[in-house]
Amino acid sequence: MPFTSKLACLVLLLSAGIASADTHPDSHAPISVMGDHTHSQGEFMLGYRAMHMSMQGNRDGTSSISSAEIASTAANPFGAPPTLRVVPEDMTMTMHMVSAMYAPSDRVTLMGMLNYSTKEMDHTTFAGPSGTNVLGGFTTKTSGMGDTSIAALIRLGDSHHSKWHATVGLSLPTGDIEETDDILTPMNTRPSPRLPYPMQLGSGTYDLVTGLTYSSNADRWGWGSQWRSLVRLGENDEDYTLGDEHKLQGWLSYRINASLSLSARLAYLDRGNIDGMDPLINAPVQTADPDRHGMQRLDFGLGANVLLPGQKQRLALEVTAPVYQKLDGPQLETDWVLTFGWQYTP
Ligand SMILES: [Cu+2]
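Chemist: Please explain the overall build of the chain as it appears in this structure.
Modeler: Check the secondary structure of the chain and you find 2 helices and 15 strands. Taking the principal axes of its C-alpha atoms as reference, the chain extends roughly 90 × 40 × 30 Å. Buried positions account for 37% of the 346 residues belonging to the chain. In the chain, the proportion of contacts linking residues at least 24 apart, taken out of those at least 6 apart, comes to 66%.

Structure follows, in C-alpha cells:
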C-alpha cells in the first residue's frame, strides 16, 4: 500500500475513533459523575447542572432514630444540657453548577466549575434542659456561591475501546462559612447565631481533587468506573477542617438508539468527621457536633442521556437513592437526589 493510502487509512481510523467518542449519547457517563470525559485538542464545552437533594428523618449508624429519642438519649458534646435539645427533621439542597471544559491538547482537558446552592433545614426545638416536650419548630435557610473547582484531566491511554484518564485539581474556598440565621432555643429565645456545618456553603479550605476514570464500550453497551477523592489541605479561618471524601463508582449504559441511552450506577461514598471546631458553632444540636458528620453510603442511580439532533447539545437526567447508609449519628439520612444536565459543544 502506498504511503498516502496508509496515511488516508490512518486519518480515517483516527477520525472514526474521535467520532465514536463524541457522537453517542453514552459517550458521556451518567450526569452525576464529575469529570467523566476528556476532549480532543481545541474542543470547548459549556455545561450546566441542577441538583436537588432531599433528606428526611435521622439515623444513628444504620438504624432510624426518632426526634424524641434524640432529645432524650443523644449526648450534647458541649456538656450542658446533657442531651441534644434541637433536632433537624429534614433538609433540602438545590445546587446550580456551571462548568467549562477546554482541551489545549489531546492529552490535557482543563475544567472549571462554579456553583450556587440553596439549603433549607427544618428543626424541632424541645423545651428546657431535659424531657421531650416540644416547644416549637423553625427553619434555617442559606444560599450563595459554593466552592469553585479547577482541574486538569489527563489522558493516560486509549486502547481500541477503552479509555483512562487521571484528574488532578483544586477546590478553592469561595463558599461562605460564616452564614447565620434565626433559630428557636430551648429557652424560647430567638437569636441569630452562626449556623452549624451542613448549612455553610463552603469548606473554607483549599481542597485537593484527585481521581482516575475508566470507560469502555462494546456495541450498544457501555461501562465505566471512577475513583475520586477530595482531600482538605490545612485548616480554615474558623479553626476546623471538614472531613475528606472518597468516592468509588461504576456504571453501565445501554444505547437505545442514536440519540438516547439509559444507565444504571452504583456509587460508594466515604466521608470523614470534622477535625477541630468553629467556636461560634456550639448549640445543643447534632449538626454542631464535629463528630456527627462522618458516613459511608452506597447509592444506586438510574439515568438517561440524550444527544440532540445536530450533535452539539446533550440533555441528561439521573435519579439516585441510597441502598445503604451508615451515619456517625444522629444525622439526617439522604432519601433521594435528582440531577439534570445540559451540555453544549460548539
Ligand atoms: Cu466536556
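Chemist: I'm lost on unusual backbone geometry in this one. Help?
Modeler: It is generally the case that most residues other than glycine have a negative phi and that most peptide bonds are trans. The amide bond that connects Ala80 to the next residue, Pro81, takes the cis arrangement and shows omega of -10 degrees. Note on placement: Pro81 falls in the loop between α2 (67-73) and β3 (86-102). In this structure, the amide linkage connecting Gly329 to the following residue, Pro330, adopts the cis form with an omega of 0 degrees. Residue placement: Pro330 occurs in strand β15 (residues 313-344). At Asn188, a residue that is not glycine, the phi angle is positive and equals roughly 65 degrees. The residue Asn188 is located in the loop between β7 (163-172) and β8 (206-218) in this model. Phi at Gln311 is positive, roughly 60 degrees, even though this residue is not glycine. Looking at the element boundaries, Gln311 is found in the loop between β14 (295-307) and β15. Taking the C-beta count within 10 Å as the criterion, Gln311 has 15 such neighbours and is therefore assigned partly exposed.

Chemist: Sorry, what's going on with the nonpolar core here?
Modeler: Nonpolar side chains tend toward joint burial in soluble globular proteins. Core analysis: the biggest nonpolar cluster contains 13 residues, and Ile70, Ala71, Leu84, Val86, Val87 and Val285 have the highest contact counts within it. Counting residues per element, the ones that place at least two in this core are α2 and β3. Once residues lying within four places of it in the same chain are set aside, the contact partners of Leu84 are Ile70, Ala71, Ala74, Asn76, Pro284, Val285 and Gln286. With 8 residues, the next largest nonpolar core counts Met111, Ala151, Val209 and Leu230 among its residues.

Chemist: Would you explain the confidence of the model for the chain in this entry?
Modeler: When pLDDT is low, close inspection of the predicted coordinates is not appropriate. Predicted confidence across the chain gives a mean pLDDT of 93, with 94% of residues reaching 70 or more. Within the model, pLDDT remains below 50 along residues 6-21, and this stretch shows 3 contacts once partners closer than five positions in the same chain are excluded.

Chemist: Can you walk me through the pairing of strand β1 (residues 44-61) in this structure?
Modeler: In summary, the side chains of a regular strand alternate between the two faces of the sheet. With 13 bridges connecting them, β1 and β3 associate as antiparallel partners. Paired with Met51 across the bridge in β3 is Met95. Pairing analysis gives 13 bridges linking β1 to β15, with the strands arranged antiparallel. Note on β15: the bridge partner recorded for Leu46 is Tyr344. Strand direction decides the pairing type here: β1 and strand β2 (residues 63-65), joined by 3 bridges, are antiparallel. Looking at the pairing, Arg59 lines up with Ser64 of β2. Counting the residues in the hairpin turn of β1 and β2 gives 1 residue.

Chemist: How do you make sense of the environment of Tyr206 when you look at a structure like this?
Modeler: Summarising the element assignment, Tyr206 is placed in strand β8. Separated by 28 residues in sequence, Tyr206 and Gly234 place their C-alpha atoms 7.5 Å apart. Sequence-distant contacts of Tyr206, that is, excluding residues within four places in its chain, are made with Leu170, Leu172, Pro173, Leu233 and Gly234.

Chemist: What am I meant to see in the environment of Pro196 here?
Modeler: With respect to the secondary-structure elements, Pro196 resides in the loop between β7 and β8. Classification of Pro196 by C-beta neighbours within 10 Å gives buried; the count is 25. Other than its neighbours up to four places away in sequence, Pro196 contacts Ile281, Val285, Thr287 and Ala288.

Conventions adopted
- Residues numbered from 1 in each chain as written.
- Predicted model: local features only at pLDDT ≥ 70, side-chain atom pairs only at ≥ 80, totals over all residues.
- Helix = DSSP H or I, 4+ residues; strand = E, 2+ residues; numbered from the N terminus.
- Buried ≥ 20, exposed ≤ 12 C-beta atoms within 10 Å, placed from the backbone.
- Contact = placed C-beta atoms within 7 Å.
- Core = buried A, V, L, I, M, F, W, Y, C linked by C-beta atoms within 7 Å.
- pLDDT = per-residue confidence, 0-100.
- Pairing = 2+ DSSP bridges.

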